[in-house]
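# Observations on chain architecture
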Amino acid sequence: MKFSVFLFWIFSVYSLAQNSHIPLNEYRVLASHNSYKVKPDPRVSVFLNRVKKKLGEENDPIQLEYSHESLSIQLDSFDVRGFELDIYADPIGGRYYKRSINGFVCGKRKRSKITELKQPGFKIIHIPDVDYETNYYSLKSALSELVLWSNNNPAHSPVYVNIEAKGSAMGNKSRFLRLIGFKNAIPFDSIIYDDLNNEIIQSIPANKLISPRQFQGNFTSIRDRIDSAGWPHMSEFDGKIFFILEGDRSDWYAEQLNKGKDLPMFVYGNKEDPMTLFVMRNQPIGIEEEIRELTTKFIVRTRSDAGTMDARTNDQTRKIAAIKSGAQIISTDYYRPDLNLSDFSVTLKEINEE
């Protein structure tokens, strides 16, 4: 037994040494989409299906029927190293304490009775008042668990956290919905982004956070670093966490980076922008060669499935395109299959066999 443990230790050390010499753009990760999400209560799903024509195609209840494990379980049991967290600003607290759709569902209460939702801070929700079940009510709680895991695994490979800033909700789109209690989301402006920057900086220890300026180093831009010195090796980022912004006014945030501001998040940006490290190509089918070319200069995020439909039909087309594209971040809802639908899944082994 002792000899087996020794061999395992030798193999682990050897693997880490090998990985440390891999350029960062050759590091490919399995990521989860809406990584916090839990399926709606069945009673809510029944009601949503009754009114789905009014919700619009993008809110079809069939696309909401997926769940994720906790971040720690995803990291430990499924080798996930990329996450997506949808956040809504709640600077006063209590904005999302009530779930308005529950007023139409027998046996469900509008008031959540969740104290954390009364506290100020960014809330993690998929669709306020509609698809609100989550493993984490606040950004702080999700980041706290991530830091705890990182502390317990200090030599871990880099983790990418996609922050999607949501500045609009169903309440923003319909006066009628607002009248019956649906909340409109608060748009992200410079003040809200200051709050978000501070929350990340306060939640993530400085020795774990990689900011755009840190990655840039003494070069004039991120692009200048890569073009002049090549891609850094993974060994520079052991135990580190990258934050990448998308969503409401992310273009404004990118402008601040280009003005030289020291901010904690990268941006899924334009490939012409000298401060862009990450780009997004969520639909890989038909653009595999474009993505492969982009990976020489950027870290590309794509998706292997969407809205439960690939899993329902066990359609491998998008998954195969995502893997063959060479994209470094492949996002899925099925790092383990939902056998109620099919055996569709995406694993890190499949990604790295390409």
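All values derive from a computational prediction rather than experimental measurement. (Residues numbered from 1 in each chain as written. Predicted model: local features only at pLDDT ≥ 70, side-chain atom pairs only at ≥ 80, totals over all residues. Heavy atoms only, no water.)

Okay, the overall build of the protein chain next. The helix and strand inventory of the protein chain stands at 15 helices and 10 strands. Projected onto its principal axes, the C-alpha coordinates of the protein chain cover approximately 60 × 50 × 45 Å. Among the 354 residues that make up the protein chain, the fraction classed as buried is 52%. For the protein chain, long-range pairs separated by at least 24 residues make up 72% of all intrachain contacts whose partners lie at least 6 apart in sequence. Put simply, the protein chain shows about 16,600 Å² of open surface, and 52% of that area lies on carbon and sulfur atoms. With 46 positive and 46 negative side-chain charges, the protein chain shows a separation of 8 Å between the mean positions of the two kinds. (Helix = DSSP H or I, 4+ residues; strand = E, 2+ residues; numbered from the N terminus. Buried < 20%, exposed > 50% of the residue type's maximum accessible area, 1.4 Å probe, protein only. Contact = heavy atoms within 4.5 Å. Areas by Shrake-Rupley, 256 points an atom, 1.4 Å probe, with all protein chains shown as cover. Lys, Arg positive; Asp, Glu negative; His and termini not counted. Charge placed at Lys NZ, Arg CZ, Asp CG, Glu CD.)

Structurally, R225 is set in helix 10 (residues 222-229). We classify R225 as buried; its relative accessible area is 11%. Engagement of the side chain of R225 in a polar contact is seen with the side chain of E236, the distance being 3.1 Å. Apart from residues no more than four positions distant in its own chain, R225 is found in contact with Q214, F215, Q216, F219, G230, P232 and E236. (Polar contact = N/O pair within 3.5 Å; in protein donor to acceptor, adjacent residues only side chain to side chain.)

A few words on the pattern of salt bridges. Under the defined criterion, the tally for this structure stands at 13 salt bridges. The closest approach of N and O atoms between D338 and K39, which form a salt bridge, is 3.5 Å. With D338 in the loop between strand 10 (329-332) and helix 15 (348-353) and K39 in the loop between strand 1 (29-32) and helix 2 (42-50), this residue pair connects regions lying 299 residues apart in the sequence. D338 gets classed as buried once you look at its relative accessible area, which sits at 15%. Across the pair R225 and E236 runs a salt bridge whose closest N-O atoms are separated by 3.1 Å. You can see R225 sitting in helix 10 and its partner E236 sitting in the loop between helix 10 and strand 6 (241-247), a full 11 residues away along the chain. Members of the salt-bridge network, linked through shared partners, are D41, R43 and K108. (Salt bridge = Lys/Arg side-chain N within 4 Å of Asp/Glu carboxyl O.)

Scanning the entire structure with this criterion turns up 18 aromatic pairs. Summarising the aromatic geometry, the rings of F242 and F278 are spaced 6.1 Å apart at their centres and angled 70 degrees between planes, so their arrangement reads as edge-to-face. Of this pair, F242 sits in strand 6 while F278 sits in strand 8 (residues 278-280), and the two are 36 residues apart along the sequence. Residue classification places F242 among the buried positions, given a relative accessible area of 0%. On the basis of relative accessibility, which here comes to 0%, the residue F278 falls in the buried class. Sitting above the plane of the F298 ring, R223 keeps its charged end 4.5 Å from the centroid. The cationic tip of K319 hangs over the ring face of F344; the distance from NZ or CZ to the ring centre is 5.7 Å. (Phe/Tyr/Trp six-rings, centres within 6.5 Å; stacked < 30°, edge-to-face > 60°. Lys NZ or Arg CZ within 6 Å of the ring centre and 35° of its normal.)

With that settled, consider the environment of I127. Take I127: it is sitting in the loop between strand 3 (123-124) and helix 5 (139-152). As for I127 and M170, which are separated by 43 residues in sequence, their C-alpha atoms are 7.7 Å apart. When neighbours within four sequence positions are excluded, I127 is seen to be in contact with N59, L64, Y88, Y132 and M170.

Below, the discussion takes up helix 11 (residues 250-258). Think of an α-helix as 3.6 residues a turn; residues three or four steps apart then line up on the same face. Within helix 11, the full set of buried residues consists of S250, W252, Y253, A254, Q256 and L257. The inward-facing, buried residues of helix 11 contact helix 8 (190-203), helix 9 (212-216), strand 6 and strand 7 (266-267). Just downstream of helix 11 lies G260, where phi reads positive at about 95 degrees.

On to the pairing of strand 10. What you see with strand 10 is no split at all: I329 and S331 on one side and I330 and T332 on the other are buried throughout. With four bridges connecting them, strand 1 and strand 10 associate as parallel partners. Looking across to strand 10, one finds that V29 is bridged to I329. Inspection of the sheet shows strand 9 (residues 299-303) paired to strand 10 by three bridges, in the parallel sense. Paired with R301 across the two strands is I329, which belongs to strand 10. (Pairing = 2+ DSSP bridges.)

Buried within helix 10 are the following residues: I222, R223, R225 and I226. One face of helix 10 carries all of its buried residues, which in axial projection span an arc of 160 degrees. Looking at the buried side of helix 10, the elements it contacts are helix 9 and strand 7. Where helix 10 begins, the capping side chain belongs to S221, and its oxygen is found 3.4 Å from the backbone nitrogen of R223. (Arc of directions from axis to C-beta.)

With that out of the way, let us pick up a positive patch on the surface. The grouping of K98, K110, R111, K118 and K183 at the surface amounts to a positive patch. Within the secondary structure, K98 is located in the loop between strand 2 (80-88) and strand 3. (Patch = residues over 30% accessible without salt bridge, like charges linked within 9 Å, V, L, I, M, F, W, Y side chains within 5 Å.)

This part takes up the pairing of strand 4 (residues 159-165). Remark: a regular strand shows side chains that alternate across the two faces of the sheet. Buried residues dominate strand 4, accounting for seven of its seven residues. Alternating positions in strand 4 separate into two faces, V159, V161, I163 and A165 on one and Y160, N162 and E164 on the other, with burial throughout. Two elements, strand 2 and strand 4, share six bridges in a ladder whose sense is parallel. Of the residues in strand 4, the one forming a bridge with I87 is A165. Taken together, the seven bridges between strand 4 and strand 6 define a ladder with parallel strand orientation. By the bridge assignment, Y160 is partnered in strand 6 with F242.

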